[in-house]
Amino acid sequence: MLVERMLPFTSTIFAEMSALALRTGAINLGQGFPDTDGPASLLADAAANITAGVNQYPPGVGVPALRSAVAEHQKRFHGLDVDPDHVLVTSGATEAIAAAVLALCGPGDEVVTFQPYYDSYGATVALSGATLRAVPLRPVPGAGFTFDPDELRAAFSARTRLVLVNTPHNPTGTVLGRGELTLIGELAAEFDAVVVTDEVYEHMVYAGAEHIAMAALPGLADRTLTISSAGKTFSVTGWKVGWVHGPPRLVNAVRAVKQFLTYVSGAPFQPALATALSLPDTFYRTLADDLARKRDLLVDGLRRAGFAVYPPRGTYFVVADVAPLGVDDGAAFCWRLPELIGVAAVPVSVFCVDPDLGRTLVRFAFCKRDEVLAAAVERLAGLRALG
Ligand SMILES: *Cc1c(COP(=O)(O)O)cnc(C)c1O
């Protein structure tokens, strides 16, 4: 029944692994959702909005307070001058990405991105009928993941309509640096492509790294759509409130598609998030500090269990290599892990067009309570005994 272009996308690894974790009682470090709630004031505001009757269709572009709060947030954290009229509220970052791709690409067009990539990129580009050109991000011992500039250049052509960039990057935890982003921007300008940046982990960056918004780079604001979301920052992944901003001609194109995907969503959540975005710096600092501690907990535990680990500089994911454990297939490993020791993870190969790229890599999420991470680490230590 399903149209041919969507046949490769009938299931997501997150649904499958989460179901397996549930069935086996495993600690689920596969899917990236936090196991604690966001700020109490945010939850109370949303509940009060529901009780007060804020329950009908909000404006198609989003409630004014949230559009203004996003503009202020972009000035405060990234130095960007954003007109609230050029902010579009979406059903999560996922819808913003989908609407941008569907609005700007069609059959014959090409989208440049990096692999591994967030799984919706592949499905969304397929849905549009465009072709994905995914440039490998490869691990550099001691320095995280990066791309080969020549490979990136070779991915661009006259057919390139769009460059889809995710920084901080899921799943590798890479935070792209100024040099890398500048090169991406230069190629986008040379080939007259639109830059779409997915910055949902903008506040999850650790010591030694800095998140740079691509739109803040010289000359890029006019060709860049910047996307983020409340889900990760405020631990409300189930609310699905995101946003996109950029120059009017691009945002208007995204809006044209977005209005026929969901039209609108999240009426009671939007004003509550407007308030939350202006929380003091301590909120944002505590978020990153807490996650840095959790990262260290899991990175240490994985190392002690015998994995080779690439410590992330951003996001709440860590990629580990199973090769030192004598395992050569990360996907088969992930399917066995819940039964074997009671921990669930996801294979990086499912985020790659070229499955060989991440063949021995697996991704663990550390956005979990310390005691949950400690229990997972204890279970992972059991791998040595099995080996
Ligand atoms: C979680 C995630 C998203 C989806 O964000 P939503 O607001 O839940 O739609 C998009 N991009 C990346 C890289 C993510 O990890």
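Throughout what follows, the structure given in this document is the object of discussion. No experiment lies behind these values; they were computed from the predicted model shown.

1. Remarks on the pattern of salt bridges
- This structure, assessed with the given rule, holds 17 salt bridges.
- Between aspartate 35 and arginine 369 there is a salt bridge, with the nearest N and O atoms lying 3.3 Å from each other. Of this pair, aspartate 35 sits in the loop between strand E1 (27–28) and helix H2 (40–51) while arginine 369 sits in the loop between strand E15 (361–365) and helix H13 (370–386), placing them 334 residues apart in sequence.
- Here aspartate 35 falls in the partly exposed class, since its relative accessible area comes to 26%.
- What makes arginine 369 partly exposed here is its relative accessible area of 35%.
- Across the pair aspartate 370 and arginine 293 runs a salt bridge whose closest N-O atoms are separated by 3.0 Å. Of this pair, aspartate 370 sits in helix H13 while arginine 293 sits in helix H11 (residues 281–304), placing them 77 residues apart in sequence.
- On the accessibility criterion, arginine 293 (40% relative accessible area) is partly exposed.
- Several salt bridges share partner residues, and in doing so they unite Asp290, Arg293, Lys294 and Asp370 into one network.

2. Topic: the site of the ligand
- Looking at the ligand, the residues that line it are Gly92, Ala93, Thr94, Tyr118, Asn166, Asn170, Asp198, Val200, Tyr201, Ser229, Lys232 and Lys240.
- In this structure, serine 229 approaches the ligand through a side-chain N or O atom, which is 2.6 Å from an oxygen atom.
- A distance of 3.1 Å separates an oxygen atom of the ligand from a polar side-chain atom of lysine 232.
- Within the complex, 94% of the 390 Å² of free accessible area of the ligand lies under protein.
- With 3 residues, helix H4 (residues 92–104) is the single largest residue contributor to the shell around the ligand.
- Looking at side-chain class alone, the shell around the ligand contains 4 nonpolar, 5 polar and 3 charged residues.

3. Brief notes about the nonpolar core
- In terms of nonpolar packing, the biggest core is built from 70 residues, with Leu225, Leu298, Leu302, Phe307, Phe364 and Leu380 touching the most fellow members.
- In terms of residues, this core owes the most to one element, H4, which gives 7 residues.
- Setting aside chain neighbours within four positions, we find phenylalanine 364 in contact with Leu29, Leu298, Leu302, Phe307, Tyr316, Phe317, Val318, Ala320, Leu337, Val343, Ala345 and Leu380.
- Among the nonpolar cores identified, the runner-up in size contains 28 residues, and Ala46, Leu80, Trp243 and Phe283 belong to it.

4. Things to note about the sheet that holds strand E9 (residues 224–229)
- Here we have 7 strands laid out as an open sheet, ordered E2-E10-E9-E8-E7-E3-E4, and mixed in their pairing. A strand with exactly one partner marks an edge of an open sheet, and here the two such strands are strand E2 (87–90) and strand E4 (131–136). Within this sheet the neighbouring strands show an average axis-to-axis angle of 20°, counted without direction.
- Examined bridge by bridge, strand E3 (residues 110–115) and E4 share 6 bridges and lie parallel to one another. Bridge pairing in E4 places threonine 113 opposite alanine 134.
- Of the strands in this sheet, E2, E9 and strand E10 (242–245) touch helix H3 (residues 64–78), which is tilted by about 115° from E2.

5. Comments concerning the side chain of threonine 360
- Its place among the elements puts threonine 360 in the loop between strand E14 (346–347) and E15.
- For threonine 360, a relative accessible area of 16% translates into the label buried.
- At 2.8 Å, the side chain of threonine 360 forms a polar contact with the side chain of aspartate 321.
- For threonine 360, the residues in contact, after removing those within four places along its chain, are Ala320, Asp321, Val322, Ala323, Val327, Asp328 and Gly330.

6. Examining the sheet that holds strand E12 (residues 317–321)
- Pairing is antiparallel across the open sheet formed by 4 strands, whose spatial order is E11-E12-E15-E14. Bordering the open sheet on either side are strand E11 (308–310) and E14, each of which pairs with just one other strand.
- Bridge count between E12 and E15: 5 bridges; the pairing is antiparallel. Of the residues in E15, the one forming a bridge with valine 318 is phenylalanine 364.

What counts, and where the lines are drawn
- Sequence order sets the numbering: in each chain, residues are counted from 1 along the sequence as written.
- The model is predicted, so local features are restricted to residues of pLDDT at least 70 and side-chain atom pairs to those at 80 or more, both for listing and for counting; the totals for chains, interfaces and linings are taken over all residues.
- Only heavy atoms go into the side-chain values, all of them from the structure, while hydrogens and water stay out.
- The term salt bridge refers to a pairing of a side-chain nitrogen on Lys or Arg with a carboxyl oxygen on Asp or Glu at a separation within 4 Å.
- Secondary structure elements follow DSSP: runs of H or I of four or more residues count as helices, runs of E of two or more count as strands, with numbering from the N terminus.
- Note on classification: 1.4 Å probe, protein chains only; a residue is buried when its accessible area is under 20% of the maximum for its type, exposed when over 50%, partly exposed between these limits.
- Throughout, near means a residue has at least one heavy atom within 4 Å of the molecule or strand.
- Between N or O atoms, a polar contact is any pair within 3.5 Å; within protein, one atom must be a potential hydrogen donor and the other a potential acceptor, and residues adjacent in sequence are included only when both atoms are from side chains.
- Areas reported as accessible are Shrake-Rupley estimates using a 1.4 Å probe. Residue values count occlusion only from the protein chains shown.
- When residues are grouped by polarity, Ala, Val, Leu, Ile, Met, Phe, Trp, Tyr, Cys and Pro land in nonpolar, Asp, Glu, Lys and Arg in charged, and all others, Gly among them, in polar.
- Here the nonpolar core consists of buried residues drawn from Ala, Val, Leu, Ile, Met, Phe, Trp, Tyr and Cys, with membership extended through side-chain atoms lying within 4.5 Å.
- By definition in these notes, contact holds between two residues if any of their heavy atoms fall within 4.5 Å.
- Two strands are said to pair when DSSP picks up at least two bridges between them.
- Only the contacting stretch of a helix is used when fitting its axis, a line to C-alpha atoms as for every element, and angles between N-to-C directions run 0 to 180 degrees.

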